[in-house]
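# Summary of structural features
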Amino acid sequence: MPKKISKVLIANRGEIALRVIRACKELGIQSVAVYSEADEDALHVRHADESICIGPPESANSYLSIDKIIDAAKQTKANAIHPGYGFLSENPLFAEACEKNKITFIGPSAGAMRAIGNKTSARELMEKANVPIAPGKNDVDRKDTKTILKEIKRIGVPLLVKASAGGGGRGIRLIENEKEALEIIDLAANEAASAFGDATIFLEKFVTGARHIEVQIMADAHGNVIAFGERDCSIQRRNQKLIEESPSPAVDKELRTAICNAAIEAAKSCNYQNAGTVEFLLDEKTKQFYFLEVNARLQVEHPVTELVYGVDLVKTQLRVAQGESLTTLFPTQPTPRGWSIECRINGEDPFSEFMPSLGLIGSLELPNGPGVRFDSMIYEGLDVPLFYDSLLGKLIVWGVDRQEAIARMQRALIELQIGGIQTNIPFHQELLNNEAFITGAFHTNWLEENFVMPSKQDFADNNDFALIAAAWSTNFSTSKNTGTPATTETNNWARAGRIYSMRRDFRSSGWQ
Amino acid sequence: MAISKLSIDGVIYSVHVEENDGNITASITNVESKEETTYSIDKLIDKQGKKISLSINNKSIDIFIQSASGGKTVTINNVLYPVFNVTGKKKSSAGGGSADPDGVITAPLAGIVAKINVQVGDVIEAGETTCIVEAMKMQNEIKIPIKGKITSIPFEELSRVEKGDVVINYEPITS
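Residues numbered from 1 in each chain as written. Chains lettered and ligands numbered in written order. Predicted model: local features only at pLDDT ≥ 70, side-chain atom pairs only at ≥ 80, totals over all residues.

## Describing the overall build of chain B
Spelled out, the test is: By the criteria applied, helices consist of DSSP H or I runs no shorter than four residues and strands consist of E runs no shorter than two, each listed in order from the N terminus. We compute the radius of gyration from the C-alpha atoms alone; for a globule the expected value is 2.2 Å times N to the 0.38, where N is the number of residues. Using C-beta atoms placed from the backbone, we call a residue buried if 20 or more other C-beta atoms fall within 10 Å of its own, exposed if 12 or fewer do, and partly exposed for counts in between. The contact criterion used is a C-beta to C-beta distance within 7 Å, with each C-beta placed from the backbone.
Secondary structure summary: chain B contains zero helices and 17 strands in total. Rg of the C-alpha trace for chain B: 20 Å, well past the compact-globule value of 16 Å for 175 residues, more than 25% over. The principal-axis extents of the C-alpha atoms in chain B amount to approximately 65 × 30 × 20 Å. Residues classed as buried in chain B amount to 37% of the 175 residues present. Contacts in chain B between residues at least 24 apart in sequence constitute 43% of all its contacts with a sequence separation of at least 6.

## Some thoughts on the packing of helix α4 (residues 92-100) of chain A against helix α5 (residues 110-117) of chain A
All names here are of chain A. Short version of the rule: Axis definition: a line fitted to C-alpha atoms, over the contacting stretch in the case of helices. Angles run 0 to 180 degrees between N-to-C directions. By definition in this entry, angles of less than 35 degrees are roughly parallel, angles greater than 145 are roughly antiparallel, angles of 65 to 115 are roughly perpendicular, and the rest are oblique. In this classification, the charged set is Asp, Glu, Lys and Arg, the nonpolar set is Ala, Val, Leu, Ile, Met, Phe, Trp, Tyr, Cys and Pro, and all remaining amino acids, among them Gly, are polar.
Axis separation between α4 and α5 bottoms out at 8 Å; the angle between their running directions is 170 degrees. Considering the angle they form, α4 stands roughly antiparallel to α5. On α5, the residues that touch Pro92, Ala95 and Glu96 of α4 are Ala110, Met113 and Arg114. Residue composition of the contact of α4 with α5, grouped by class: four nonpolar, no polar and two charged.

## Looking at the pairing of strand β8 (residues 71-76) of chain B
Residue and element names in this part refer to chain B. So the rule is basically this: At least two bridges found by DSSP between two strands is the condition for calling them paired.
For β8, the buried fraction is high: six of the six residues fall into the buried class. Counted along the chain from strand β7 (residues 59-68) to the antiparallel partner β8, the turn is two residues long, and its residue glycine 70 has a positive phi close to 90 degrees. Bridging between β8 and strand β9 (residues 79-85) involves six bridges; their strand directions are antiparallel. Paired with valine 74 across the bridge in β9 is tyrosine 81.

## Things to note about the sheet that holds strand β11 (residues 111-116) of chain B
Residue and element names in this part refer to chain B. On the basis of which strands lie adjacent, the open sheet formed by four strands has the order β14-β13-β11-β16 and antiparallel pairing. At either end of the open sheet lies a strand with only one pairing partner, and these are β14 (138-143) and β16 (160-161). Note: strand β13 (residues 129-135) against β14, six bridges, orientation antiparallel. Considered in β14, the bridge of glutamate 134 is made with glutamine 139.

## Re the sheet that holds strand β12 (residues 123-124) of chain B
Strand order across the open sheet formed by four strands is β10-β17-β15-β12 (chain B), with antiparallel pairing between neighbours. Only two strands of the sheet have a single partner each, and these edge strands are β10 (104-106) and β12 of chain B.

## Structural notes on the domain arrangement of chain B
Much of the literature gives interface size as the accessible area that the parts lose upon coming together. All names here are of chain B. Our working definition: The domain limits used here are those given by an automatic or database domain assignment.
By domain assignment, chain B separates into domain 1 (2-85) and domain 2 (104-172). One C-alpha centre belongs to domain 1, the other to domain 2, and the line joining them spans 32 Å. Contacts between the two partners involve seven residues from domain 1, matched on the other side by six residues from domain 2. A class-by-class count of the residues in the side of domain 1 that touches domain 2 yields three nonpolar, four polar and no charged.

Structure representation (structure tokens):
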């Protein structure tokens, strides 16, 4: 029987570490942050009850070091670990290390991770559980050319050769005609062997023009599984999701029931526990959907589900991990209400091929008002480290319907202003004004095939104001300081009052 | 009264900002074309030099300003504009290396070697890009001024370079 969680170590950084700390605080659970030397200044370090430096900036020696993280948990007497997403979150060895040290791993078992982590075995599991999978052929013997050609005829081109051990868009090749098939299969097997140490490959029909639809599931230790509807993550660039929404413009009630039931069966097929996401490809014309993969963790885009279903998924994760039953937590099946959209705010320059643009955020204005949520790691004065991914935060809105959600997001994208680095906010602004996005007529390849980001000049020609501002700040700024600086309280009462109102520990007031 | 010589997108401007009894006038002159634009600013609120709010024709514009080596980075409505100080008489060029002696290419500005496009032993034509030095979020292509064979590359990708550091050594080829 899982024990009650009293202290959680968060084996992650950035906005997701903060998200977990917030859930812990609301549940009265202590939190421990771990951080690399590059993250000394990070917000998650300040918000957690305790924090431990676990090594140098390189992830391999800090956020990916199982030993260091387990040590930190023992040192702080944390009795549970939340892995967040990325890093060690889907590593069965990490889940096993937690178990060995009697630390509750907030996620699925190592066995479930392995069963669904390998794509061939996942396909077999789903087939047995009657979850629709794309037509294909498992365990392709590359020397048996006769069978290969027969299977290709049966499945039909275009089709994909995938590495069983691959994931996240890696180890995939496209076969467009039968003639080139054998050559590509050979290439793919060699690549798989060198990239993943496993030459096993399989063939799968390539569903063109499909939407990426995923189902949020939650499973407890008592065999109960709940689905919290779908998310549409079809707005992608190079397999990276940029906008997610719930519900999907392409899913009606009937389809939702079918796809949610399939996701529940998928979770049951491997005795899945805790939060997970079952990804499907949806052929909008035929309404046919195919299992893609299971993400054995909390997803980046979980907030859209939270807003539409009125649920706190992270708190639910913690409760389920300490043995609570979903039938108690959710006596009735949760139902969706309204519409939610999330924009991933990345430090990427949309005017030059989405090159990473990280560094000092000198100024920041946050979005506010009805229906707006901003889960982020940034603050004014943060020098965003170059060592990790470029996700700065997630802007999430809720509206009564899709139209209101879009208008609200457009409004919030103007309010949110990040100064000092180039973010992808202009990309989101442009996309949210795009006809195809507004009407919901897009699929996973739509963005790359159809969307063109205007040049900086065409997007907004403010060169003159930039010149005036630069000239002003060079020549006048320091001597003409008319505003009252916010940071110089002369009165201790005022200072104490301000600190109190920020609800921060007094010791941390050195961080402005 | 103050005049600044600044460059944005590789074009040099002379910017003249003047304040008289609370009224601010800014005029911007393209140094090459002599084209001039004048703005009358109703109000300017300066918040510790980090942020200013301009009001022109009752419309307010928020502008974030940050110092960077060689100039300022200005952000307006989530678009970043690197503005360089123009010093000296020589035309500021992002191409770099124009003043270098034959055989070496130096970094024209401090930054990070974002990409190295050549390998030791490569023979490249005059004007080809050898590497990219990123500074103030701008990608500066560092080109070879004459045809040459690359003999050594002192830096690795993502290393920090100072202005004047040799980034490429090459053997000039005259044909």
